[in-house]
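Per-entry structural report
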Amino acid sequence: MKALKAAAPEEDSDESLMLLIKNGDHQAFAQLVRRHSGRFYAHAWRLSGNQAEAEDSVQDAFMKLWRNPAGFDAAKGHRFLTWFYRVVTNAAIDQQRRKRDRADGDAIDRAVSAAPLQDQDFQERRKAEALEAAIRQLPERQATALTLCFTEGLSNADAAEAMEINVKALESLLMRAKKTLKETMARQGWLDMEANHGHT
């Protein structure tokens, strides 16, 4: 005789977990953290480029959620992911502002130490590191818009909601960010190198 299977708790929606969290449910909070910590750590790392700062930002964001879950209001049309992207983004920006004088010159060192010996792979790794560094040098709102849309894969509408701006303003931020990145990468010689490789 087969026992009936209970419904899997992992099937609970983020929004239903938030209702439980508002009532002080520790298990619901732990489930939400397990479900999304990796996603939001990756987002925070993209904004800061620093593992410890990214971890601190995500931890701060989840602690703010636990202490003040009423900040999330499904009745106002909030969706958990877009709402919490905003919370994590703000936490990451706060981290950067507190440590603005932190040296950010270790990007190439990390690339060199991690890169394979093959020249092509090495160049690709260096180019990726240069691009990451260039994104972190963008104004905060441009970097955030770029990261939400192109790294996290949010639609323009969801990214705009996460940043509390309208879609037109978001598109303007993206256009300026891409223009600046193109100029920075060209100035550093990466776009010229691409063109040269394409003609060999």
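Residues numbered from 1 in each chain as written. Predicted model: local features only at pLDDT ≥ 70, side-chain atom pairs only at ≥ 80, totals over all residues. Heavy atoms only, no water.

**Side note on the confidence of the model for the chain**
Per-residue confidence for the chain gives a mean pLDDT of 78, with 78% of residues at or over 70. Of all helices and strands in the chain, the one with the weakest mean pLDDT is helix H5 (residues 107–114) (42), whereas helix H1 (residues 14–22) scores best (92). Across residues 1–10 the pLDDT falls below 50, and counting only partners more than four positions away or on other chains, this stretch makes five contacts in the model. Residue range residues 101–118 is modelled with pLDDT below 50. Its contacts to residues more than four positions away, or to other chains, number 22 contacts. (pLDDT = per-residue confidence, 0-100. Helix = DSSP H or I, 4+ residues; strand = E, 2+ residues; numbered from the N terminus. Contact = heavy atoms within 4.5 Å.)

**A few points about unusual backbone geometry**
Positive phi, normally seen in glycine, also occurs at Glu 164, with a value near 60 degrees. As for its placement among the helices and strands, Glu 164 is situated in the loop between helix H8 (156–163) and helix H9 (167–187). Of the residues examined, Glu 164 reaches a relative accessible area of 59% and is grouped as exposed. (Buried < 20%, exposed > 50% of the residue type's maximum accessible area, 1.4 Å probe, protein only.)

**What about the packing of H8 against H9?**
Packing of H8 against H9 brings their axes to within 9 Å, and their N-to-C directions diverge by 100 degrees. Classified by the interaxial angle, the pair formed by H8 and H9 is roughly perpendicular. Residues Asn 156, Ala 157, Ala 159, Ala 160 and Met 163 of H8 form the contact with H9, whose participating residues are Val 167, Leu 170, Glu 171, Leu 173 and Leu 174. Of the residues contributing to the contact of H8 with H9, the split by class is eight nonpolar, one polar and one charged. (Axes fitted to C-alpha atoms, helices over the stretch in contact; angles between N-to-C directions. Parallel < 35°, antiparallel > 145°, perpendicular 65-115°, else oblique. Nonpolar A, V, L, I, M, F, W, Y, C, P; charged D, E, K, R; others polar.)

**Overview of the packing of aromatic side chains**
Per the stated rule, a full pass over the model turns up ten aromatic pairs. Here the aromatic rings of Trp 83 and Phe 84 are separated by 6.0 Å at their centres, their planes lie at 35 degrees, and the arrangement is tilted. Taking the relative accessible area as the measure of exposure, Trp 83 reaches 8% and is therefore buried. Three or more aromatic residues joined by ring pairs form one cluster here, namely Phe 29, Phe 40, Phe 62, Trp 66, Phe 72, Phe 80, Trp 83, Phe 84 and Tyr 85. (Phe/Tyr/Trp six-rings, centres within 6.5 Å; stacked < 30°, edge-to-face > 60°.)

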